[in-house]
Amino acid sequence: AIKKIWNDTLHLLYPHICMGCGSDILARESQLCARCFVNLPVTGFSRHANNPIEKYFWGRIPVTAAHAHFYFGKGLVVQQLNHQLKYKNNKAVGIFLGELMGRELADSIRFHGIDALIPLPRFPDKERKRGYNQAAIICNGMSSVMNVPVITGNLIRRRYTETQTKKHRVERWENVDGSFEVKDPTLFKNKHLLLV
């Protein structure tokens, strides 16, 4: 009884709310209530060759498979989750999203045999300012489900790039062209890598 009173008091003072709708009816370890969770706009691209994400890379770089876990749109729960991770220091959201993606990819034959997860690095000054790389946080969640290691520090961002948030597709490619470098190519040689 004392434990319940204590938990109820904590919840009253520090409510754990759904990142999607603000409801306080959700499990302590969850980021979303059941209603928001089932309404996530999942793409299902992991199971389909030549999906729109893979077509995006055609003629640019060779990829074995590509995946976007969610459709993104203004006002959707996914935007709110992304905002929490990127700007509100809510790393638990990144782990949660990574676990969701990791489960999806682990269930897809197209993503079997991955040797390592590689989070795309941020420019050092930007990462220092934010305090973390959100791609690395997502990779940690994916790794916990997929049992695949995360390799950081070998892929580096060698130049500053402007924010991608207001750029169109071609502008985004041009903005990051020549931005990344591999420090030790032997570490990646003959490996099946998943860039996040």
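Further up the page is the structure itself.
Notes on the structure in this doc start here.

The rules behind each value
- Residues numbered from 1 in each chain as written.
- Predicted model: local features only at pLDDT ≥ 70, side-chain atom pairs only at ≥ 80, totals over all residues.
- Heavy atoms only, no water.
- Helix = DSSP H or I, 4+ residues; strand = E, 2+ residues; numbered from the N terminus.
- Buried < 20%, exposed > 50% of the residue type's maximum accessible area, 1.4 Å probe, protein only.
- Contact = heavy atoms within 4.5 Å.
- Areas by Shrake-Rupley, 256 points an atom, 1.4 Å probe, with all protein chains shown as cover.
- Phe/Tyr/Trp six-rings, centres within 6.5 Å; stacked < 30°, edge-to-face > 60°.
- Axes fitted to C-alpha atoms, helices over the stretch in contact; angles between N-to-C directions.
- Parallel < 35°, antiparallel > 145°, perpendicular 65-115°, else oblique.
- Left-handed = near helix turned anticlockwise from the far one by under 90°.
- Salt bridge = Lys/Arg side-chain N within 4 Å of Asp/Glu carboxyl O.

Moving on, we come to the overall build of the protein. Looking only at helices and strands, one finds nine helices and four strands in the protein. Written out in order from the N terminus, the α and β elements of the protein read α-α-α-α-α-β-α-α-β-α-β-α-β. Relative to its full complement of 196 residues, the protein shows a buried share of 38%. In the protein, 64% of the contacts between residues at least 6 apart in sequence involve partners at least 24 apart. For the protein, the computed accessible surface area is about 12,500 Å², with 56% contributed by carbon and sulfur atoms.

Time to look at the packing of aromatic side chains. By the definition in use, this model includes three aromatic pairs. Judged by centre distance (5.7 Å) and plane angle (80°), the ring pair of Phe45 and Tyr71 falls under edge-to-face. Separated by 26 residues along the polypeptide, Phe45 in the loop between helix 2 (34–38) and helix 3 (52–57) and Tyr71 in the loop between helix 3 and helix 4 (77–87) bring together distant segments of the chain. A relative accessible area of 10% means that Phe45 is categorised as buried.

Our next topic: the packing of helix 4 against helix 5 (residues 91–106). Geometry of a packed helix pair, given as the angle between the helix axes and the separation of the axes. Where helix 4 contacts helix 5, the axes come no closer than 7 Å and their chain directions differ by 130°. Looking at the two axes, helix 4 sits oblique to helix 5. Seen from above, helix 4 lies across helix 5 with left-handed handedness. Residues Leu81, Gln84 and Leu85 of helix 4 touch helix 5, and the partners they reach there are Lys91, Val93, Gly94 and Leu97.

The next thing to look at is the environment of His48. Examined against the element boundaries, His48 turns out to sit in the loop between helix 2 and helix 3. On the basis of relative accessible area, His48 is assigned to the partly exposed category, the value being 45%. Each C-alpha atom of the pair His48 and His67 lies 9.1 Å from the other, and the pair is 19 residues apart in sequence. Leaving out residues up to four positions away in the same chain, His48 has contacts with Glu54 and Arg110.

So, on to the pattern of salt bridges. All told, the structure shown has two salt bridges when counted by the stated rule. In this structure, Glu104 and Arg47 form a salt bridge, with 2.9 Å as the shortest nitrogen-oxygen distance. Residue Glu104 is located in helix 5, and its partner Arg47 is located in the loop between helix 2 and helix 3; the two are separated by 57 residues in the primary sequence. For Arg47, a relative accessible area of 53% translates into the label exposed.

This part covers the packing of helix 5 against helix 7 (residues 134–146). Taken N-terminus to C-terminus, the directions of helix 5 and helix 7 make an angle of 45°; their axes are 6 Å apart at the nearest point. When the axes of helix 5 and helix 7 are compared, the pair comes out oblique. Relative to helix 7, helix 5 is oriented so that their crossing is right-handed. Two secondary-structure elements touch here, helix 5 through Lys91, Gly94, Ile95, Gly98, Glu99, Met101, Gly102, Arg103, Leu105 and Ala106 and helix 7 through Ile137, Ile138, Asn140, Gly141, Met142, Ser144, Val145 and Met146.

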